[in-house]
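The lines below spell out each chain.
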Amino acid sequence: MSKAINKINSTTVPLNQENVDTDQIIPARFLKATSRDGFGENLFRDWRYNSDGTPKKDFILNDPTYNGKILVAGKNFGCGSSREHAAWAIKDAGFDVVVSSFFADIFKNNALNNFLLPVTVSEEFLQQLFTAIEKDPKTKISVDLEAQSISNDFDGQSEKFDINNYKKTCLLNGYDDIDYLLSMKSEIENFEKNLETSNA
């Protein structure tokens, strides 16, 4: 299955809460596994389930009204410890994009390394998204990585976002760091040949 991300058009899950840290995203007691699979079921575990394992009806991920590949979150998402498992859990739960007005740097890098696209928008645009989704839960958001733009189909509002060019190339092609180097193999070999020729 391709890991590449380019254009995503999807309904969303709105988590209108600020300062969501990585321990809330995936509690420390679930970090023993080394495989990336299975973390999704424990995403926001303590907010999502009661102590007896039954779902909390008032938590957004348990509300069948909301679903999709895009998580819209409040400001300062992914703060706290540097655990990469937070990105694993969000990706494993079926999300390809997280939208917020601010991400913790370590979380942002972990997300990009795990083919989860963090889209940073202005505070004003984020609030417009929350308002649109509240008015119509079936509102779709379109993310175009190539054009670095995000828009919603509720009122047509759109905004540009920034992303590291290297990470953009990796996401568009489904490359991890090793895949990227392999994709450059012929250029590297040609460079080495030219270097040897010039030094001869």
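Our subject is the structure that appears above.
Residues numbered from 1 in each chain as written. Predicted model: local features only at pLDDT ≥ 70, side-chain atom pairs only at ≥ 80, totals over all residues. Heavy atoms only, no water.

(A) Inspection of the overall build of the protein chain at higher detail. A count of helical and extended segments in the protein chain gives 8 helices and 8 strands. Taken across its 200 residues, the protein chain has 40% of its residues classed as buried. Counting every atom, the protein chain has about 10900 Å² of accessible surface; 47% of that belongs to carbon and sulfur. (Helix = DSSP H or I, 4+ residues; strand = E, 2+ residues; numbered from the N terminus. Buried < 20%, exposed > 50% of the residue type's maximum accessible area, 1.4 Å probe, protein only. Areas by Shrake-Rupley, 256 points an atom, 1.4 Å probe, with all protein chains shown as cover.)

(B) Looking closely at the environment of I150. Looking at where I150 falls in the secondary structure, it is placed in strand β7 (residues 149-152). For I150, a relative accessible area of 0% gives the class buried. Taking the C-alpha atoms as reference points, I150 and T120, 30 residues apart in sequence, are found 9.8 Å from one another. Contacts of I150, omitting those with residues within four sequence positions, involve V99, V119, V121, F125, L129, I141, S142, V143, Q157, S158, E159 and F161. (Contact = heavy atoms within 4.5 Å.)

(C) Examining the sheet that holds strand β6 (residues 141-144) more closely. Strand order across the open sheet formed by 4 strands is β1-β6-β7-β8, with antiparallel pairing between neighbours. The two strands at the open ends of the sheet, each matched to only one other strand, are β1 (7-10) and β8 (158-160). Pairwise comparison of adjacent strand axes, ignoring direction, gives a mean angle of 10° for this sheet. One ladder, built from 4 bridges, connects β6 with β7; its direction is antiparallel. Its bridge partner lying in β7, D144 is registered against S149. Contacting β6, β7 and β8, helix α5 (residues 123-135) crosses the sheet at an angle of about 30° to β7. (Pairing = 2+ DSSP bridges. Axes fitted to C-alpha atoms, helices over the stretch in contact; angles between N-to-C directions.)

(D) Highlighting α5. In this model α5 runs 19 Å from its N-terminal to its C-terminal C-alpha over 13 residues, within 8% of the 18 Å that 1.5 Å per residue would give. Residues of α5 that are buried: F125, L126, L129, F130, A132 and I133. Burial along α5 is one-sided: seen end-on, the buried residues are contained in an arc of 165°. Along α5, the residues that are exposed and aim more than 90 degrees away from the buried face are E124, E134 and K135. In this structure, the buried residues of α5 make contact with β2 (12-15), β3 (70-73), β4 (97-100), β6, β7 and β8. (Expected span 1.5 Å × (residues − 1). Arc of directions from axis to C-beta.)

(E) Region of the structure containing the environment of Q148. One can find Q148 in the loop between β6 and β7. The sequence separation of Q148 and K168 amounts to 20 residues, and the corresponding C-alpha distance is 9.3 Å. Ignoring any residue separated from it by four or fewer positions in sequence, one finds Q148 in contact with E159, K160, F161, D162, I163 and K168. A distance of 3.1 Å separates the side chain of Q148 from the side chain of K168, its partner in a polar contact. (Polar contact = N/O pair within 3.5 Å; in protein donor to acceptor, adjacent residues only side chain to side chain.)

(F) Just the packing of helix α3 (residues 85-92) against helix α4 (residues 105-113), in detail. Contact geometry of α3 with α4 gives a least axis separation of 8 Å together with a crossing angle of 50°. Judged by the angle between their axes, α3 and α4 are oblique. Every pair of crossing elements has a handedness; the one defined by α3 and α4 is right-handed. Together, A86, A87 and I90 of α3 and F107, N110 and A111 of α4 make up the contact between the two elements. A class-by-class count of the residues in the contact of α3 with α4 yields 5 nonpolar, 1 polar and no charged. (Parallel < 35°, antiparallel > 145°, perpendicular 65-115°, else oblique. Left-handed = near helix turned anticlockwise from the far one by under 90°. Nonpolar A, V, L, I, M, F, W, Y, C, P; charged D, E, K, R; others polar.)

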